[in-house]
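Structural description and commentary
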Amino acid sequence: MLVSLRRDATRLFLPGLQLSAVLTALVIDSRWATRVALAALLTSGLFGWMRSIRHGRIILDTPTSRIASAAQGYCELRGQGLPLSGVALLSPVNGLPVLWYRVQYECRRGDKWVTTHTEESDTSILVDDGSGQCALDPEGAEMLITRKDIYPRGSDDRVIQWALIRHDPIYAIGEFATLGSIAPTADSAGQVRDLLAEWKRDRNHLLERFDLDGDGQIDLREWELARAQARREVTRAQRMAISSAETHIMRRPADGRLYLISDLDPNRLAMRYRYWSWFHLVVFLGSVATVAWLANTNAL
């Protein structure tokens, strides 16, 4: 069974809004309430349909990148899950090693199970595709996880755990970045200017380093010495960045695009969004038909 964890708030909000609109129209028997409910259904249905279609197309249209050669920016990765530090997390439920978990504590109230509280790990997950490894930051990601275990604790309490474990297949789409490296087109002149501007903000330290004649001023010769030193420091920093080990990470895109981590095949994920698009389309078309019928009967 597909379970959505750390859910997309907008996707959850829309069905709730639609249900509330229908209940409001039924409870408050007035033209005003009916108009408000229909407006909410029309707007949310159209928005939800377009949004679900867009997310499904993103998954299908974004090609899978190899970690070692992935371009910086929005991309899709597939591989197997590994613990970030080499040592897996331990589940708070059974003490077994996991890569990521969400634990939901529930108690029985009447014939319903009610959630009392939840716990969720925030440690990054490592994905390995054979060409390299990338750390996936779960913060802000929609987690679509299939592994679900239920642990009864007496007759009226239980714990539900969703988890990823070592070597699980991992699919991720989000913002890819490589740290600890420097682009060959790095703006060295701009970095020198920025460093000199930083030095100028601390005038006392600048004078201490470059006021060779002690007159309290930086003359042209002394300023050229400062510029030469800034160039040396920028060059040294760039060499250190080039020689340092590269670290690949994936995180939530700043522009709000889909950020998703799952143990499912992307085709199944895209189909899931297609189902949601059909649901919202039915809501929208049903609302349009209702508006037309009420208009014909002068009930609006």
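Our structure's up above, just so we're on the same page.
Residues numbered from 1 in each chain as written. Predicted model: local features only at pLDDT ≥ 70, side-chain atom pairs only at ≥ 80, totals over all residues. Heavy atoms only, no water.

**Looking at helix H4 (residues 203-210)**
For H4, the full list of buried residues reads Leu-206, Leu-207 and Phe-210. Around the axis of H4, the buried residues are gathered within 95° of arc, so they sit on the same side. Seen from the open side of H4, the exposed residues pointing more than 90 degrees away from its buried face are Asn-204 and Glu-208. (Buried < 20%, exposed > 50% of the residue type's maximum accessible area, 1.4 Å probe, protein only. Helix = DSSP H or I, 4+ residues; strand = E, 2+ residues; numbered from the N terminus. Arc of directions from axis to C-beta.)

**Notes on the sheet that holds strand S5 (residues 100-109)**
Taken together, the four strands give an open sheet; going across it, the order is S6-S5-S11-S10, and neighbouring strands pair in antiparallel fashion. Because the sheet does not close on itself, it has two edges, and the strands there are strand S6 (112-120) and strand S10 (148-152). Pairwise comparison of adjacent strand axes, ignoring direction, gives a mean angle of 25° for this sheet. Sheet topology places S5 next to strand S11 (residues 157-164); eight bridges connect them, and they run antiparallel. Residue pairing across strands places Cys-107 opposite Asp-157, the latter belonging to S11. (Pairing = 2+ DSSP bridges. Axes fitted to C-alpha atoms, helices over the stretch in contact; angles between N-to-C directions.)

**Some points on the nonpolar core**
Membership of the largest hydrophobic core comes to 20 residues, with the highest contact counts inside it found for Leu-136 and Met-250. Looking at this core, the elements with two or more residues in it are strand S2 (73-83), strand S7 (125-128), strand S8 (133-136), strand S9 (142-145) and strand S12 (169-179). At three residues, S12 tops the list of elements feeding residues into this core. Filtering out sequence-adjacent residues up to four positions away, Met-250 remains in contact with Cys-75, Leu-77, Cys-134, Ala-135, Leu-136, Asp-137, Ala-172, Ile-173, Gly-174, Glu-175, Phe-176 and Tyr-259. If you look at the next biggest cluster of nonpolar residues, it comprises 12 residues, including Leu-144, Ile-173, Leu-264 and Leu-269. (Core = buried A, V, L, I, M, F, W, Y, C linked by side-chain atoms within 4.5 Å. Contact = heavy atoms within 4.5 Å.)

**Considering the environment of Thr-115**
The residue Thr-115 is located in strand S6 in this model. Taking the relative accessible area as the measure of exposure, Thr-115 reaches 40% and is therefore partly exposed. On a C-alpha basis, the gap between Thr-115 and Gln-104 in space is 6.8 Å, while along the polypeptide they are 11 residues apart. Residues contacting Thr-115, with those up to four places away along its chain left out, are Gln-104, Tyr-105 and Glu-106. Among the polar contacts listed, one links the side chain of Thr-115 to the side chain of Gln-104, at a separation of 3.3 Å. (Polar contact = N/O pair within 3.5 Å; in protein donor to acceptor, adjacent residues only side chain to side chain.)

**Observations concerning the packing of helix H3 (residues 188-201) against H4**
Closest axis-to-axis distance for the H3/H4 pair is 5 Å, and the angle between their directions is 105°. Classed by the angle they form, the pair H3 and H4 counts as roughly perpendicular. Within the contact between the two elements, H3 uses Trp-199, Lys-200 and Arg-201 and H4 uses Arg-203, Leu-206, Arg-209 and Phe-210. The residue makeup of the contact of H3 with H4, split by class, is three nonpolar, no polar and four charged. (Parallel < 35°, antiparallel > 145°, perpendicular 65-115°, else oblique. Nonpolar A, V, L, I, M, F, W, Y, C, P; charged D, E, K, R; others polar.)

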